[in-house]
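A closer look at the structure
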Amino acid sequence: MQPVRVRFAPSPTGPFHIGGARSALFNWLFARRYGGVFILRIEDTDLERSSRESEENILAALRWLGLDWDEGVEVGGPNGPYRQTERLELYQRYAEQLLSQKDAYRCYCTEEELAAEREALLAEGALSGYSGRCRNLSPEDCARLEAEGRKPAIRFRVPDNQGTIVVRDLVRGEVSFDCSDIGDFIILKSDGIPTYNFAVVVDDHCMSVSHVIRAEEHLPNTPRQILLYNALGWETPQFAHVSLILGKDRSKMSKRHGATAIEQYQEKGYLPEAMVNFLALLGWSAGGEEEIFSLEELTRQFSLERVSKSPAVFDLDKLNWLNGHYIRQSPIEYITDLSIPFLEKAGYLKTPLTPERYEWLKEVIALVRKYLVCLDDLKDHVGIYFNEEVEVLEEEAREALTAPHVPALFEALARLVLDCPALSAEAAKGLLKAAGKEAGVKGKQIFIPVRAALTGSIEGPDLDRIMAILGKERVARRLAAALDRGL
RNA sequence: GGCCCCAUGGUCAAGUGGUCUAAGACACCGCCCUUUCACGGCGGUAACCCGGGUUCGAAUCCCGGUGGGGUCACCA
């Protein structure tokens, strides 16, 4: 069996899309699973829209997800260069070959002419490919057209005796297309830049790609590519077309469905582990009941046979749940480290942190992480630990402070806390109880007002741990402040 | 419109002719845990698109509808 060589070949024309990330992941998993090579190639032949900036975004996002590549931009390799705009002579050469084989011809039609032609065809209700106007131009015709100042594009001549083309697809089985439905298509634009269908074939062949794993939207292109492989005398790779990721309305996921860029999720504080896990579950399943998978576990289990044929709706709820799961389950140091930039951004933290401050922060994160969907949510949960004062009191919290036993309770608690040598969570628990005893109350009568005074809310994490995090002075001060307010 | 793909609960999905009065997960609802909220635990509601075949037997195979989607560029 031939060695596994797969590639991810994005166009750097915008933010890195969820769908692209899944294609990259599946290719990467396939390569790792079978001990193959994962190639990263940049398809930047759309000069108008391509940019180095988005290329860099893509690379950064891949690295963030934990997907590395063996050959490709930045890392190099024996089949480079890995940017299509740096491989132009190659395409030129093979276009010449097709030209000389008469499998391609020069087309002098202008874009305007073609657009008009298409419109006319569409009006008749019979939209198909190119009319074939330039199919059989004589050298004299060509010379005349060129004298008019027209620059030719090169078109592939779709054979008319080919019948049907069968795409053998690893996820969809055999898919046949009728050759007569395929019009002659451009392989080299008039500016010498190859089109997608041509460049992809030349590159996949020259890079010895064994399996082409990509999104289903490319399935209708595949017969054209097979035609090119045949004309050039090359063996076709194996194809695997993965179904699309859909938005809530079941159309192909796009910006109007919400955040589609990987970067946006990164910025909101989604963990790469959650993203990878989620993406893998979109169109693939392990078959068992387990749904939590690390990259390593996925590598062990991934296979194309278990890739689904039907499209999958992007389910933010599930992503959110997965992310929360990873936030709760990952080592606390890891989550703390990831949290720091978000806390800085929210103005709560200035780095560098002293070791004591870091330990303190760990306690805070450990306490609040069960409330988080993403790390960006931190800002809504940590104010009471970073601020000196409690700012707003909820209505119910305010009410809780009006109970008659509150002054006595708070006075006792404040005194006990200040007298206490070290306010650990455990100590706090005892003090709460003792203060209640002094004031002649227990249970909710203790906890609700104290919580209200310390946090401004009647719900939240364990009170004893909150007290330990706040420290003696702030606890005493907030109790006193609540009392003042009540008077 | 032509061509192509797809079709199990709201969503992701298991299921490859009998063990399906159809698994699991998310979401939703209820109960428990808890000073509260959340986390967690337990339980519940909820599905084989329709019609024909094939077969002793069909969610599973075939055909036809219907529905959804993709694609028809000198974009990729």
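This report concerns the structure included in the present document. The structure displayed is predicted, hence computed values, not measured ones.

Further remarks concern the protein's contact with RNA strand B. Close to RNA strand B lie 62 residues, the nearest being Ser11, Thr45, Lys189, Tyr371 and Gly460. Those atoms of RNA strand B that come within 4 Å of the protein belong to sugar or phosphate at a rate of 74%. Residue Glu291 places a side-chain N or O atom 2.8 Å away from a sugar or linking oxygen belonging to RNA strand B. Here a phosphate oxygen of RNA strand B and a side-chain polar atom of Arg328 are 3.1 Å apart. For the surface near RNA strand B, the elements supplying multiple residues, two or more each, are helix H4 (111–123), strand E5 (153–156), strand E7 (173–178), strand E12 (312–313), helix H11 (316–329) and helix H18 (444–455).

Turning to the sheet that holds strand E4 (residues 104–107), a few remarks are in order. Taken in spatial order, the three strands of this open sheet run E4-E5-E8, and their pairing is antiparallel. Here the strands that pair on one side only, and so sit at the sheet edges, are E4 and strand E8 (185–188). Across the sheet, the mean angle from the axis of one strand to that of its neighbour is 45 degrees, orientation sign disregarded. Where E4 and E5 come together, four bridges link them in antiparallel fashion. Bridge pairing in E5 places Arg106 opposite Ile154. Across the sheet, helix H3 (residues 88–100) touches E4, E5 and E8, and the angle it forms with E8 is around 130 degrees.

Moving on, we get to the state of the cysteines. The full count for this structure, using the stated rule, is zero disulfides. Cys107 carries a free sulfur, and the closest cysteine sulfur to it, the one in Cys109, is 3.8 Å from it. Looking at Cys107, the relative accessible area reads 1%, which means it is buried. Of the cysteine sulfurs around Cys109, a residue in no disulfide, the closest is that of Cys134, at 3.6 Å. Classification of Cys109 as buried rests on a relative accessible area of 12%.

Now for the packing of aromatic side chains. Taken as a whole, this structure holds twelve aromatic pairs when the rule is applied. Ring centres of Tyr265 and Phe314 lie 6.1 Å apart, and the angle between their planes is 50 degrees; on these two criteria the pair is classed as tilted. Here Phe314 lies in the loop between E12 and H11 and Tyr265 lies in helix H8 (residues 262–268), a separation of 49 residues in the sequence. Residue classification places Phe314 among the buried positions, given a relative accessible area of 8%. Here Trp360 and Phe386 contribute two aromatic rings whose centre-to-centre distance is 5.2 Å and whose plane-to-plane angle is 90 degrees, an arrangement assigned as edge-to-face. With Trp360 in helix H13 (residues 355–368) and Phe386 in helix H14 (residues 383–386), this residue pair connects regions lying 26 residues apart in the sequence.

Attention now goes to the pairing of strand E2 (residues 37–40). With four bridges connecting them, strand E1 (residues 5–8) and E2 associate as parallel partners. Paired with Val6 across the two strands is Phe38, which belongs to E2. Crossover E1 to E2 through helix H1 (residues 18–33) is right-handed. In this sheet, strand E3 (residues 71–72) lies alongside E2 in parallel orientation, the contact comprising two bridges. If you follow Leu40 over to E3, its bridge partner there is Gly72. Taking the sense of rotation as the criterion, the β-α-β connection linking E2, helix H2 (residues 52–65) and E3 turns out right-handed.

Cut-offs applied
Residues numbered from 1 in each chain as written. Chains lettered and ligands numbered in written order. Predicted model: local features only at pLDDT ≥ 70, side-chain atom pairs only at ≥ 80, totals over all residues. Heavy atoms only, no water. Near = heavy atom within 4 Å. Polar contact = N/O pair within 3.5 Å; in protein donor to acceptor, adjacent residues only side chain to side chain. Helix = DSSP H or I, 4+ residues; strand = E, 2+ residues; numbered from the N terminus. Pairing = 2+ DSSP bridges. Axes fitted to C-alpha atoms, helices over the stretch in contact; angles between N-to-C directions. Contact = heavy atoms within 4.5 Å. Disulfide = S-S within 2.5 Å. Buried < 20%, exposed > 50% of the residue type's maximum accessible area, 1.4 Å probe, protein only. Phe/Tyr/Trp six-rings, centres within 6.5 Å; stacked < 30°, edge-to-face > 60°. Right-handed = clockwise from strand over helix to strand, strands pointing away.

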